[in-house]
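# Descriptive structure summary
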Amino acid sequence: MPLLTVTYATSRQSPSLKSDIAAAVSELTAKILHKDPRVTAIIVKSADAAGWFAGGKSLAEQKLASYWLDIHVTEGTNTKDEKAAYLAALFQRMEELLGPLHNETYAHVDEVKGDAYGFGGLTQERRYIAGKLEVSPQKAAA
C-alpha cells in the first residue's frame, strides 16, 4: 500500500520511460521493502533538465540526470538495513534508466503512523487489528 511519487529529469527520451520507471520502482519496492505490488500506487512525473539545478548549474548544463523519489510506508514495517539497501538499489537502477546521475539525487522513505495512513477507507492499524482478530477489515472498522 505504499504511495510513491517519482520526479525525474534526463535528456534521454523514450516513449516507455515513465512505465519503465514505474515497473523498476514497483519491483524494488516489492523485493526489498516487501510491499505488495497489487496495492502500490506510483506517480511518475518528468521535469525539464534545464530547469533542475544541482550544485548551482542545471542538469542540462552538466549533462546529468536526477530524480526525487518520495515513498510513504507504514511506520516500523522496514528495518534501517532494508531502507539503506532500497536507496542503493534504487540509485543504481535509476541510473540505468536515466543515464549518469548527479550525486545530489534524493529519495525519501516517509514512515507514517499506522493510525494516520491507509487505503480503501481503512487505516493500516485497522487492517492490522482485523488480521489479529481474524475478521474482515470492514468489521474491525465498525
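Anything mentioned here points back to the structure above.
Now for a description of the structure that goes with this document. (Residues numbered from 1 in each chain as written. Predicted model: local features only at pLDDT ≥ 70, side-chain atom pairs only at ≥ 80, totals over all residues. Heavy atoms only, no water.)

## Looking at the pattern of salt bridges
Inclusion rule: For this document, the term salt bridge refers to a Lys or Arg side-chain nitrogen within 4 Å of an Asp or Glu carboxyl oxygen. A run of DSSP states H or I qualifies as a helix once it reaches four residues; a run of E qualifies as a strand once it reaches two. Both are numbered from the N-terminal end. Throughout this description, buried means an accessible area under 20% of the type-specific maximum (1.4 Å probe, protein chains only), exposed means over 50%, and partly exposed covers the range between.
Applying the stated criterion across every chain yields a total of four salt bridges. A salt bridge links Lys113 to Glu75; the nearest nitrogen and oxygen atoms lie 3.8 Å apart. Pair noted here: Lys113 is in the loop between β6 (106–112) and β7 (118–119) and Glu75 is in the loop between β5 (66–74) and α3 (80–98), with a separation of 38 residues, a long-range link. Note on Lys113: relative accessible area 49%, which makes it partly exposed. Taking the relative accessible area as the measure of exposure, Glu75 reaches 44% and is therefore partly exposed. Note that Glu111 and Lys83 form a salt bridge whose closest N and O atoms lie 3.0 Å from each other. Of this pair, Glu111 sits in strand β6 while Lys83 sits in helix α3; the two residues are 28 residues apart in sequence, bridging distant segments of the chain. Accessibility expressed as a relative area gives 30% for Glu111, which makes it partly exposed.

## As for unusual backbone geometry
Phi is mostly negative for residues that are not glycine, and the peptide bonds are mostly trans. Unusually for a residue other than glycine, His34 sits at a positive phi of about 60°. Relative to the elements of secondary structure, His34 occurs in the loop between α1 (17–33) and β2 (41–46).

## Regarding the pairing of β5
Where a strand is regular, its side chains alternate between the two sheet faces. For the record, the criterion: A strand pair is defined by DSSP finding two or more bridges across the two strands. A clockwise path from the first strand over the helix to the second, with the strands pointing away from the viewer, defines a right-handed crossover.
Counting buried positions over the nine residues of β5 gives eight, a clear majority of the element. Note: strand β1 (residues 3–9) against β5, seven bridges, orientation antiparallel. Paired with Leu4 across the strands is Ile71, a residue of β5. Here β5 runs beside β6; their pairing, made up of seven bridges, is parallel. Across the sheet, Leu69 pairs through a bridge with Ala107, a residue of β6. For the crossover from β5 across α3 to β6, the handedness is right-handed.

## Re the sheet that holds β2
Just so we agree on the cut-off: To get an axis, fit a line to the C-alpha atoms, keeping to the stretch in contact for a helix; angles then go from 0 to 180 degrees between the N-to-C directions. The contact criterion used is simple: two residues touch if any of their non-hydrogen atoms lie within 4.5 Å.
Read across the sheet, four strands follow the order β2-β1-β5-β6 without closing on themselves; strand pairing throughout is mixed. Both outer strands of the open sheet, β2 and β6, are each paired with one neighbouring strand and no more. The mean angle between the axes of side-by-side strands here comes to 10°, regardless of whether they run parallel or antiparallel. Contacts from α3 reach β1, β5 and β6 within the one sheet, and its direction differs from that of β5 by about 145°.

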